[in-house]
Amino acid sequence: MVDRAWAGVQVVTEKVWDYATEYDLPRAFAINWMDRELATYDRAMESITRVFGRNVFPAVADRRGEKFRGVVD
């Protein structure tokens, strides 16, 4: 499931989450569009956590300073 960092969780993402829950499928989020002017990693994670609960957690993100730099591989 992919969400745009600047827009928060989208309705389609919620529907896909419901289908995955119904069929007992694993889920993962990819937060993209981090290069947009209003995009912040913290706001994107807060939106995902607010909608899907506290069981959602980030893998590993490189957020040194105020700029998002990418995911540590």
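Here the structure is a predicted model, which means the values were calculated and not measured.

What is the right way to read the overall build of the protein chain from this model?
Counting its regular elements, the protein chain contains 2 helices and 4 strands. Its helices and strands in sequence order give the protein chain the pattern β-α-β-α-β-β, from N to C terminus. Within the span of the protein chain, comprising 73 residues, buried residues form 25% of the whole. Taking the intrachain contacts of the protein chain between residues at least 6 apart in sequence as the baseline, contacts between residues at least 24 apart amount to 47%. Total accessible area on the protein chain stands at roughly 5,800 Å², and carbon and sulfur atoms take up 52% of it.

In this structure, what is going on with helix 1 (residues 11-22)? I would like to understand it.
Counting along an α-helix, one turn takes 3.6 residues, and residues three or four places apart therefore face a common direction. The first and last C-alpha atoms of helix 1 sit 17 Å apart over 12 residues, in line with the 16 Å expected at 1.5 Å per residue. Within helix 1 the residues assigned to the buried category are Thr13, Trp17 and Ala20. Axial view of helix 1: buried residues confined to an arc of 65°, hence all on one face. Every exposed residue of helix 1 that faces more than 90 degrees away from the buried side is listed here: Val11, Val12, Asp18, Tyr19 and Glu22.

Quick question: what am I supposed to make of the confidence of the model for the protein chain here?
In regions of low pLDDT, the predicted coordinates are not meant to be interpreted in detail. Overall, the prediction assigns the protein chain a mean pLDDT of 76, with 71% of residues at 70 or greater. Taken element by element, the protein chain is modelled with least confidence in strand 1 (residues 2-4), mean pLDDT 53, and with most confidence in helix 1, mean pLDDT 88.

Can you help me understand the packing of aromatic side chains in this one?
Each aromatic ring pair is specified by the distance between its two centres and by the angle formed by the two planes. Here the structure, examined in full by the defined rule, presents 3 aromatic pairs. Look at Trp17 and Phe29: their rings are 5.6 Å apart centre to centre, the planes differ by 15°, and that puts the pair in the stacked class. Pair noted here: Trp17 is in helix 1 and Phe29 is in the loop between helix 1 and strand 2 (30-32), with a separation of 12 residues, a long-range link. Take Trp17: its relative accessible area is 18%, and that puts it in the buried class.

Thresholds, definitions, all that
Residues numbered from 1 in each chain as written. Predicted model: local features only at pLDDT ≥ 70, side-chain atom pairs only at ≥ 80, totals over all residues. Heavy atoms only, no water. Helix = DSSP H or I, 4+ residues; strand = E, 2+ residues; numbered from the N terminus. Buried < 20%, exposed > 50% of the residue type's maximum accessible area, 1.4 Å probe, protein only. Contact = heavy atoms within 4.5 Å. Areas by Shrake-Rupley, 256 points an atom, 1.4 Å probe, with all protein chains shown as cover. Expected span 1.5 Å × (residues − 1). Arc of directions from axis to C-beta. pLDDT = per-residue confidence, 0-100. Phe/Tyr/Trp six-rings, centres within 6.5 Å; stacked < 30°, edge-to-face > 60°.

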